[in-house]
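# A structural walkthrough
Read off the chains here:
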Amino acid sequence: MDLQKLMDLPGALAAFTYTDKGDLQSHVLREGTEITAQMLDLLTRSCVANLAIASMEARGWEALTGQGGFQPLKGFSVVGLEWSVVVNGNAGVVVKNRDADYEAAFQALQAA
Amino acid sequence: MHIVKQLMAIPGVIAAGEYAYRGDRFSYQGALTDEFARMASILCRANTLSVNMQSEIFDSFAENCGCRPVQGWIVRGANVTVCAVGNYFSFIENREDLLNDVMTIMRAKVGDVQDDLLANLYARLGGDTREALY
């Protein structure tokens, strides 16, 4: 995973990878950002949980409604007050809301 | 123009609506049945509560870190994306630039979600939910 490519996304503040259990593996922080490795370590655990829940919901939605197009899941994002975290697989990026390009972020994570 | 009408006017938006924010009410337009819209409303409410709970924990570790209150969330599917901002949701196709446009409109029309979101979501519990929560 090339975290530097994720850091090239508009408004990127941090990029990271994590294990299947949610342990932070590697990360890059934008100079001057208030985000810390400790924050990312907590964030990665919620990323694993949210992806698992979203995957369950996608599976259940398709089974119940007969509608397709949700699986396989391509990612999840939580939009906070000032920044958003976008994750897929075992990697994620934190982006400033005012500069956020969600599509580019999902695409970058998909390609990674 | 009302946010749901504005969203439905965009090619590629499958459905949009207001989910159960303060109780059981929900409304929608687009390619959903009443039952599917009810299910979508429950799903959106559950996810919103979940990510807000996470942000509260996050905030206790790193106060005023910029995550709280949560404004919304996005589930990116293979061909369909579900977005929620405040008490509104939309199901959209994965077309180029559509997600960014929809998020921009939803954030602009809903405005910044304030700290009373959880109090409103739990209002059906009765009593002083604000006091119970905080």
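Residues numbered from 1 in each chain as written. Chains lettered and ligands numbered in written order. Predicted model: local features only at pLDDT ≥ 70, side-chain atom pairs only at ≥ 80, totals over all residues.

### Some remarks on the overall build of chain B
Quick note on the threshold: Secondary structure is summarised from DSSP: a helix means a run of H or I of at least four residues, a strand means a run of E of at least two, and numbering begins at the N terminus for each. Once C-beta atoms are placed from the backbone, each residue is buried if 20 or more other C-beta atoms lie within 10 Å of its own, exposed if 12 or fewer, and partly exposed for counts between those two. Contact between two residues is assigned whenever their backbone-derived C-beta positions fall within 7 Å.
Within chain B one finds five helices and five strands. In chain B, the succession of α and β elements from N to C terminus is α-β-β-α-β-β-β-α-α-α. Going through the 134 residues of chain B one by one, you find that 39% of them count as buried. Restricting the contact set of chain B to residue pairs at least 6 apart, pairs at least 24 apart contribute 41%.

### Brief notes about the interface of chain B and chain A
The cut-off we apply is this: Lys, Arg, Asp and Glu make up the charged group, whereas Ala, Val, Leu, Ile, Met, Phe, Trp, Tyr, Cys and Pro make up the nonpolar group; the residues left over, Gly among them, are polar. Two strands are counted as paired when DSSP detects at least two bridges linking them.
Listed as interface residues are 30 residues of chain B and, on the opposing side, 29 residues of chain A. Where the side of chain B that touches chain A is concerned, the elements lending two or more residues are helix 2 (34–61), strand 3 (72–76) and helix 3 (98–110) of chain B. Residues belonging to the side of chain B that touches chain A are distributed by class as follows: 18 nonpolar, nine polar and three charged. Of the strand pairs in this sheet, strand 3 (residues 75–79) of chain A and strand 3 of chain B are connected by five bridges, and their pairing is antiparallel. For Gly75 of chain A, the partnering residue across the bridge sits in strand 3 of chain B and is Arg76 of chain B.

### Some remarks on the pairing of strand 1 (residues 13–18) of chain B
All names here are of chain B. The pairing of strand 1 with strand 5 (residues 88–93) spans five bridges and is classified as antiparallel. Considered in strand 5, the bridge of Ala16 is made with Ser90. Inspection of the sheet shows strand 1 paired to strand 2 (residues 27–30) by four bridges, in the antiparallel sense. The residue bridging Glu18 from the neighbouring strand is Ser27, located in strand 2.

### Comments concerning the sheet that holds strand 1 of chain B
Going by this rule: Note on geometry: axes are C-alpha line fits, over the in-contact stretch for helices, and angles between N-to-C directions span 0 to 180 degrees.
Taken in spatial order, the 10 strands make up an open sheet running 2(A)-1(A)-5(A)-4(A)-3(A)-3(B)-4(B)-5(B)-1(B)-2(B), and their pairing is antiparallel. Looking at the sheet topology across the chains shown, the edges are occupied by strand 2 (24–29) of chain A together with strand 2 of chain B. The average angle at which neighbouring strand axes cross in this sheet is 10°, direction not considered. In this sheet, strand 5 (residues 91–96) of chain A lies alongside strand 1 (residues 12–18) of chain A in antiparallel orientation, the contact comprising five bridges. Across the sheet, the residue bridging to Ala15 of chain A is Val93 of chain A, located in strand 5 of chain A.

### Notes on the pairing of strand 2 of chain A
Residues and elements named next belong to chain A. One ladder, built from five bridges, connects strand 1 with strand 2; its direction is antiparallel. Each bridged residue has a counterpart across the sheet, and for Ala14 the counterpart in strand 2 is Leu29. Between the antiparallel neighbours strand 1 and strand 2 lie five residues, among them Gly22 with a positive phi of about 100°.

### Comments concerning helix 3 (residues 102–111) of chain A
Of the residues making up helix 3 of chain A, those classed as buried are Tyr102, Glu103, Ala105, Phe106, Ala108 and Leu109 of chain A. The elements touched by buried residues of helix 3 of chain A are helix 1 (3–7), strand 3, strand 4 (83–88) and strand 5 of chain A together with strand 3 and helix 3 of chain B.

Keep in mind these numbers describe shape, not what the thing actually does.
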